[in-house]
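Chain and residue survey
One letter stands for each residue in the lines below.
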Amino acid sequence: MMIVGISMAFSLIAVYPIKILLYTVIYTFIYKKVNPENSFICDTTISDKVEQTNDSEYLQNLSTQRSQAMYHPLTQHKINEIQHSKHLYYRFWHLANILITLFYLMVLVDYLATDSLGFYLNNNNLNTTFSGACSKTGTLFQITDSETFTNYLKQEFVNSFYKQNYYNGRIIEKLEKFDAAGWVCDYNHRLIGVPRIRQVRVKSGTCKMSTLMKKIEKISCLGEITSVSEDKDDYGLGWSKIIFNANTDIMTPWKYYTSNISGSPFLTGISRKMYPGGGYIRDLHRKYDRSFDSIQRLIKNKWLDEYTRAIFLELSVYNV
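Residues numbered from 1 in each chain as written. Predicted model: local features only at pLDDT ≥ 70, side-chain atom pairs only at ≥ 80, totals over all residues. Heavy atoms only, no water.

This next bit is on unusual backbone geometry. Phi is positive for Trp239, which is not a glycine, with a value near 60°. Counting through the fold element by element, Trp239 comes out in the loop between α5 (211-214) and β2 (256-257). We note that Lys302 has phi near 55°; this positive angle belongs to a residue other than glycine. Relative to the helices and strands, Lys302 resides in the loop between α7 (288-300) and β6 (308-319). Residue Lys302 is classed as exposed on the basis of its relative accessible area, which comes to 58%. (Helix = DSSP H or I, 4+ residues; strand = E, 2+ residues; numbered from the N terminus. Buried < 20%, exposed > 50% of the residue type's maximum accessible area, 1.4 Å probe, protein only.)

The following block contains the structure:
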């Protein structure tokens, strides 16, 4: 909801004003010309001929020019016509400005209503999908421990975001087409790319213990996630000692990836605690079976344990 609110606020503050300004510039150039067609350029070179009083040809031309109608005073009828024309001109542009302003307001209201409704529908549909409205086997809000979370991943999550049947009952996965995969169970969204599971972990011994408690054997003390306590080491299968080259480009869920590599932002949880954008990442697949097998292997090798502090299910969808 916070990300949706930020996106909507950005649209109100930045996107809409820019659109209105662009519309204003376009309509100004269309309906208002800078230079009217009946404008003319005065030739001022004649005023420089102050020493041509003895030039008969010049005086004859000057007399001819002054005999034209432009040097005669305007009649009252002509003055009334010009005033009436100017009055109509200003009334027209006053009415045009009112209509254009109303049009801008209508466009703005339409954008606000459309985007607000779009934000609500997309967010509400995804919340419904995450909450277990599709498979009815469990909801995201019923998770209380690692066991219920792994059950949610295996049952609700993969069934919700990897729909296997169309409306007519045809099996999507058996079509073996890339474009046929990625339907969400509400049939209103499709996946862009593949979902990602990301976790952040803490190091062992990251909390403070009294001297008396330290003397007690088999006491595990794990602190909350901070920039100091966050685990950023690379491991092997099952969080064992590393057995692969840390510089390899192979994507493995046992290797730490920074936020620059993962592309994930810092997020704030319900407890107002800030969680980093890095972590240990497992990208799923486009197909249901392969994604389900990947989740099964993570669970089997105890990818989630007592050192896990937060799990993020990251995916991109578009509305169809």
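Evaluation of the coordinates by the stated rule reveals 1 cavity of 30 Å³ or more. When its volume is computed, the largest cavity comes out at roughly 30 Å³. As for the largest cavity, its lining consists of Leu153, Ile197, Ile295, Leu298, Ile299, Trp303 and Leu304. Considering every element that reaches the lining of the largest cavity, the biggest residue donor is α7, with 3 residues. In terms of residue class, the lining of the largest cavity is built from 7 nonpolar, no polar and no charged. (1 Å grid on protein atoms, 1.4 Å probe; cavity = no way out; pocket = protein on both sides within 12 Å on 5 of 7 lines; lining within 4 Å. Points joined across faces, edges and corners; volume = space filled by probe spheres on them. Nonpolar A, V, L, I, M, F, W, Y, C, P; charged D, E, K, R; others polar.)

With that settled, the discussion passes to helix α4 (residues 146-161). In α4, a bend of some 40° at Leu153 exceeds every other bend along the element. Here α4 has its buried residues at Phe149, Thr150, Tyr152, Leu153, Glu156, Phe157, Val158, Ser160 and Phe161. The residue sitting at the N-terminus of α4 and contributing the capping side-chain oxygen is Asp145; that oxygen lies 3.3 Å from the backbone nitrogen of Glu147. (Bend = angle between axes of the 7 residues up to and from the residue. Polar contact = N/O pair within 3.5 Å; in protein donor to acceptor, adjacent residues only side chain to side chain.)

Glancing now at the nonpolar core. Ranked by size, the top nonpolar core spans 21 residues in total, and within it Leu153, Phe157, Tyr162, Ile197, Trp303 and Leu313 carry the most contacts. Those elements giving two or more residues to this core turn out to be α4, β1 (189-201) and α7. It is α4 that provides the largest number of residues to this core, a total of 6 residues. Every residue in contact with Leu153, bar those within four places of it in the chain, is listed here: Val158, Ile197, Ile295 and Leu313. Counting residues in each nonpolar core, the second largest holds 7 residues, with Ile225, Tyr275, Ala310 and Phe312 among its members. (Core = buried A, V, L, I, M, F, W, Y, C linked by side-chain atoms within 4.5 Å. Contact = heavy atoms within 4.5 Å.)

Between α4 and α7, the least distance of the axes is 10 Å, while the angle of their chain directions is 170°. Classed by the angle they form, the pair α4 and α7 counts as roughly antiparallel. Mapping the contact onto sequence places Thr150, Leu153, Lys154, Val158 and Asn159 in α4 and Tyr288, Phe292, Ile295, Gln296 and Ile299 in α7. A per-class count over the contact of α4 with α7 returns 6 nonpolar, 3 polar and 1 charged. (Axes fitted to C-alpha atoms, helices over the stretch in contact; angles between N-to-C directions. Parallel < 35°, antiparallel > 145°, perpendicular 65-115°, else oblique.)

With that settled, the discussion passes to the pattern of salt bridges. Scanning the entire structure with this criterion turns up 4 salt bridges. Residue Asp305 is joined to Arg201 by a salt bridge in which the shortest nitrogen-to-oxygen separation is 2.8 Å. One end of the pair, Asp305, is in the loop between α7 and β6; the other, Arg201, is in strand β1, and 104 residues separate them in sequence. Given the relative accessible area of 23%, Asp305 is considered partly exposed. Here Lys273 ties to Glu224 by a salt bridge, and the two come within 3.4 Å at their closest N and O atoms. Residue Lys273 is found in the loop between β3 (267-268) and β4 (274-275), and its partner Glu224 is found in the loop between α5 and β2; the two are separated by 49 residues along the sequence. (Salt bridge = Lys/Arg side-chain N within 4 Å of Asp/Glu carboxyl O.)

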